[in-house]
Amino acid sequence: MTDAPLLVLCGPNGGYLALSDSTRRYFGPVANQMLGNGWISAIHPDDQLLAADSWLRAVFHDAAYDLQLRYRRYDGCYRAFAVRAVRFFDQLAHETRWLVGSEPLDE
């Protein structure tokens, strides 16, 4: 499909603010439903608890978010990704933001 990284910009509470074009293409119409906790449904059921728990620890307890997860592509196939989130301070908004990047692991 694509070897471009999937990028998501999130606000201080972890809710997404913007998706890159590669992210929208990978997830297809489901990308529009990823607001709030909707992103969990795009993750393989066996990885969902780990992903959600790790995200909450990162956002609320300043823990690292560096995982391997399987995402469901627009056609229903799952693909493994290395996922890492980086917290940064947006000086214009005067608040913390998150950049979440996902790189494909398999072909």
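You'll find the structure just up there.
Now for a description of the structure that goes with this document.

**Some details on unusual backbone geometry**
Glycine aside, residues mostly have negative phi angles, and peptide bonds mostly take the trans form. Positive phi outside glycine occurs at Asp62, with the angle close to 55°. If you trace the backbone, Asp62 turns up in the loop between α2 (48-61) and β3 (65-72).

**Description of the pattern of salt bridges**
Evaluation of the coordinates by the stated rule reveals five salt bridges. Across the pair Arg57 and Asp53 runs a salt bridge, and its minimum N-O distance is 3.2 Å. Residue Arg57 and its partner Asp53 are both found in helix α2; the two are separated by four residues, about one turn of the helix. With relative accessibility at 37%, the residue Arg57 sits in the partly exposed group. In this structure, Asp62 engages Arg87 in a salt bridge whose closest nitrogen and oxygen atoms are separated by 3.4 Å. Of the two residues, Asp62 is situated in the loop between α2 and β3 and Arg87 in strand β4 (residues 78-90); the sequence distance between them amounts to 25 residues. Taking the relative accessible area as the measure of exposure, Asp62 reaches 59% and is therefore exposed.

**Observations regarding empty space enclosed by the protein**
Under the defined criterion, the tally for this structure stands at one cavity of 30 Å³ or more. Computed from the structure, the largest cavity encloses a volume of approximately 270 Å³. If you trace the largest cavity, you find 19 residues lining it, with Val8, Met34, Trp39, Tyr71 and Val100 closest to the centre. Of all the elements in the fold, those that place two or more residues in the lining of the largest cavity are β1 (6-10), β2 (16-19), α1 (21-27), β3 and β5 (95-104). Per-class residue counts for the lining of the largest cavity are 15 nonpolar, four polar and no charged.

**As for α2**
Under the 1.5 Å per step criterion, the end-to-end length of α2 is 19 Å for 14 residues, consistent within 8% with the ideal 20 Å. Along α2, the positions that sit buried rather than exposed are Ala51, Ser54, Trp55, Ala58 and Val59. Viewed along the axis of α2, the buried residues span an arc of 125°, placing them on a single side of the element. What points out from α2, more than 90 degrees from its buried face, is the exposed set Leu49, Phe60 and His61. Contact partners of the buried residues in α2: β1, β3, β4 and β5. Of the residues trailing α2, Asp62 is marked for its positive phi of about 55°.

Rules used throughout
Residues numbered from 1 in each chain as written. Predicted model: local features only at pLDDT ≥ 70, side-chain atom pairs only at ≥ 80, totals over all residues. Heavy atoms only, no water. Helix = DSSP H or I, 4+ residues; strand = E, 2+ residues; numbered from the N terminus. Salt bridge = Lys/Arg side-chain N within 4 Å of Asp/Glu carboxyl O. Buried < 20%, exposed > 50% of the residue type's maximum accessible area, 1.4 Å probe, protein only. 1 Å grid on protein atoms, 1.4 Å probe; cavity = no way out; pocket = protein on both sides within 12 Å on 5 of 7 lines; lining within 4 Å. Points joined across faces, edges and corners; volume = space filled by probe spheres on them. Nonpolar A, V, L, I, M, F, W, Y, C, P; charged D, E, K, R; others polar. Expected span 1.5 Å × (residues − 1). Arc of directions from axis to C-beta. Contact = heavy atoms within 4.5 Å.

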